[in-house]
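# Results of the structural survey
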Amino acid sequence: MKWNEDAETAIAKVPFFVRRRVRKRVEEEAARRGSDRVTMDHVTACKRKYLENMDEEVKGFQVESCFGPSGCPNRVLQEDGLGNELEKLFSDEKMRDFLKSKVSGPLKLHHEFRACLSDCPNACSRPQIADLGIIAAARPSIVSFHCTGCAACVAVCKERAIELDSLTGEARIDFDKCLSCGQCVKVCPAGALETDVKGYRILLGGKLGRHPQLAQEIEGIWSKEQVVRVVKKCIEHYKTHNSEGERFGEVLNATGLDFLSDRDSDPEEQAKVKKI
Ligand code: SF4
Ligand code: SF4
Ligand code: SF4
């Protein structure tokens, strides 16, 4: 849907973590009024409705994703329904009721548990400052006997994680630098690079506010099923240790991450992550 310039300017001032949701609401308002263009009237009407029904607007959680599903060429994974599964999980866990029982006063958007999914390490949805951040990952491996030493992978790797061996002339990956973006696999003309493991990185406990902190990453690349299991445990832990609606990062600061130190964080379990 097209937007008038003043309406675009107004929406740009909405805090980023609710901007997409507000934008969608405004477009729905315009459509409801039979318009195919968003004007300031639609923005103002939504703002008034929001202020009148703020408590109902807060559903207790948010699952946001980057623009990968709209066709971003950097996308590492194809749609596998993880976002929808997380939506259902948070909904089944009745996060709104839980937060209402903990927060004194009206529930506000900043109380919601936020999960952010990014389809590649560019992390456009800012998973590092969300309660739960998920980044799609594809770790490459080299089938060296196919490598022609063309250096296309060296040129595309923004992390400078690939170099050509000075003796053999073949590509070599430094996995301490590799961010598992999968770009090198896409450009290799000889089929010498393959995706070894595909899945997700998991980050926990990021937040902004008065005491901002970046999320901590738990090591590994996790399958969709493992991500869902880890998230279930995180919600259970969050509910058990939350006293007044504080953010997950604050809970983790007090408790640490030991609650995850069973089979889901076991390297043997991780080794079962889908190989493609
Ligand atoms: S995070 Fe990656 S896939 Fe998602 S929109 Fe940004 S660049 Fe595209
Ligand atoms: S996956 Fe990305 S970061 Fe890793 S070596 Fe390939 S291009 Fe570099
Ligand atoms: S792009 Fe493929 S063939 Fe070229 S150097 Fe890299 S691994 Fe070797």
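See above for the structure.
These numbers come from a predicted model, not from an experiment.

### Quick look at the side chain of Arg247
Along the chain, Arg247 turns up in the loop between helix H9 (224–241) and helix H10 (248–255). At a separation of 3.0 Å, a polar atom in the side chain of Arg247 contacts the side chain of Asp131. Among residues more than four places away in sequence, those in contact with Arg247 are His110, Glu112, Ile129, Asp131, Gly206, Lys207 and Tyr238.

### Description of unusual backbone geometry
Positive phi outside glycine occurs at Ala151, with the angle close to 70°. Structurally, Ala151 can be placed in the loop between strand E5 (132–142) and helix H7 (152–156). When its relative accessible area of 25% is taken as the criterion, Ala151 is described as partly exposed. You will see that Arg160, though not glycine, has its phi angle at about 50°, which is positive. Mapped onto the elements of the fold, Arg160 is located in the loop between H7 and strand E6 (162–164).

### Notes on the site of ligand 3
Within the structure, ligand 3 sits among 14 residues, and Cys147, Cys150, Ala151, Cys153 and Cys188 are positioned closest to it. Cavity membership is defined here by more than half of the atoms lying within 2 Å of grid points; on that basis ligand 3 lies in the largest cavity. Broken down by class, the residue content of the shell around ligand 3 amounts to 12 nonpolar, 2 polar and no charged.

### A word on the packing of H9 against H10
Interhelical geometry of H9 versus H10 gives an angle of 80° and a closest axis separation of 10 Å. Classed by the angle they form, the pair H9 and H10 counts as roughly perpendicular. Residues Cys234, His237, Tyr238 and His241 of H9 form the contact with H10, whose own contacting residues are Phe248, Val251, Leu252 and Thr255. Its residues assigned to classes, the contact of H9 with H10 comprises 5 nonpolar, 3 polar and no charged.

### With respect to the pattern of salt bridges
By the definition in use, this model includes 15 salt bridges. Here Lys59 makes a salt bridge to Glu87, at a shortest N to O gap of 3.4 Å. Here the residue Lys59 occupies a position in the loop between helix H4 (54–57) and strand E3 (61–65), and Glu87 occupies one in helix H5 (residues 82–92), the gap between them amounting to 28 residues. Note that Lys88 and Asp92 form a salt bridge whose closest N and O atoms lie 2.7 Å from each other. You can see Lys88 and its partner Asp92 sitting in helix H5, 4 residues apart, about one turn around the helix. On the basis of relative accessible area, Lys88 is assigned to the exposed category, the value being 52%. Its relative accessible area of 49% is what places Asp92 among the partly exposed residues.

### Let's talk about the site of ligand 2
Residues in close proximity to ligand 2 include Pro140, Cys157, Glu159, Ala161, Ile162, Cys178, Leu179, Ser180, Cys181, Gly182 and Cys184, which together make up its full environment. Considered class by class, the residues forming the shell around ligand 2 number 8 nonpolar, 2 polar and 1 charged.

### Considering the layout of surface pockets
There is about 710 Å³ of room inside the largest pocket. If you go around the largest pocket, you meet 26 residues; those closest to its centre are Val14, Val22, Cys46, Lys47 and Tyr50. Among the elements of the structure, helix H1 (5–12), helix H2 (16–32), helix H3 (40–52) and H4 are those that each provide at least two residues to the lining of the largest pocket. Of the residues forming the lining of the largest pocket, the biggest block, 9 residues, is contributed by H2. Quantified by volume, the second largest pocket comes out at close to 610 Å³. Along the walls of the second largest pocket sit 22 residues, with Arg19, Arg20, Arg21, Glu64 and Ser65 positioned nearest its centre. Counting only elements with at least two residues in the lining of the second largest pocket, the list comes to H2 and E3. No other element matches H2, which puts 9 residues into the lining of the second largest pocket. Class assignment of the residues belonging to the lining of the second largest pocket gives a composition of 7 nonpolar, 3 polar and 12 charged.

### Here's the deal with H2
Between its terminal C-alpha atoms H2 stretches 25 Å, which fits the 24 Å expected from 17 residues at 1.5 Å a residue. For H2, the full list of buried residues reads Val18, Arg21, Val26, Glu29 and Ala30. Following H2 by one or two positions, Gly34 has its phi on the positive side, about 80°.

### Overview of the sheet that holds E5
Spatially, the 5 strands line up as an open sheet ordered E3-E4-E5-E8-E9, and their pairing is mixed. Unpaired on one side and paired on the other, E3 and strand E9 (216–222) mark the two borders of the sheet. Within the sheet, the average angular offset between the axes of one strand and its neighbour, ignoring direction, is 25°. As judged from the 4 bridges shared by strand E8 (residues 193–204) and E9, these two strands associate in the antiparallel manner. Residue pairing across strands places Leu204 opposite Gln216, the latter belonging to E9. Along the sheet, H9 contacts strand E4 (113–118), E5, E8 and E9; its crossing angle with E9, the most-contacted strand, is approximately 150°.

How each quantity is defined
- Residues numbered from 1 in each chain as written.
- Chains lettered and ligands numbered in written order.
- Predicted model: local features only at pLDDT ≥ 70, side-chain atom pairs only at ≥ 80, totals over all residues.
- Heavy atoms only, no water.
- Helix = DSSP H or I, 4+ residues; strand = E, 2+ residues; numbered from the N terminus.
- Polar contact = N/O pair within 3.5 Å; in protein donor to acceptor, adjacent residues only side chain to side chain.
- Contact = heavy atoms within 4.5 Å.
- Buried < 20%, exposed > 50% of the residue type's maximum accessible area, 1.4 Å probe, protein only.
- Near = heavy atom within 4 Å.
- 1 Å grid on protein atoms, 1.4 Å probe; cavity = no way out; pocket = protein on both sides within 12 Å on 5 of 7 lines; lining within 4 Å.
- Sits in = over half its atoms within 2 Å of the grid points.
- Nonpolar A, V, L, I, M, F, W, Y, C, P; charged D, E, K, R; others polar.
- Axes fitted to C-alpha atoms, helices over the stretch in contact; angles between N-to-C directions.
- Parallel < 35°, antiparallel > 145°, perpendicular 65-115°, else oblique.
- Salt bridge = Lys/Arg side-chain N within 4 Å of Asp/Glu carboxyl O.
- Points joined across faces, edges and corners; volume = space filled by probe spheres on them.
- Expected span 1.5 Å × (residues − 1).
- Pairing = 2+ DSSP bridges.

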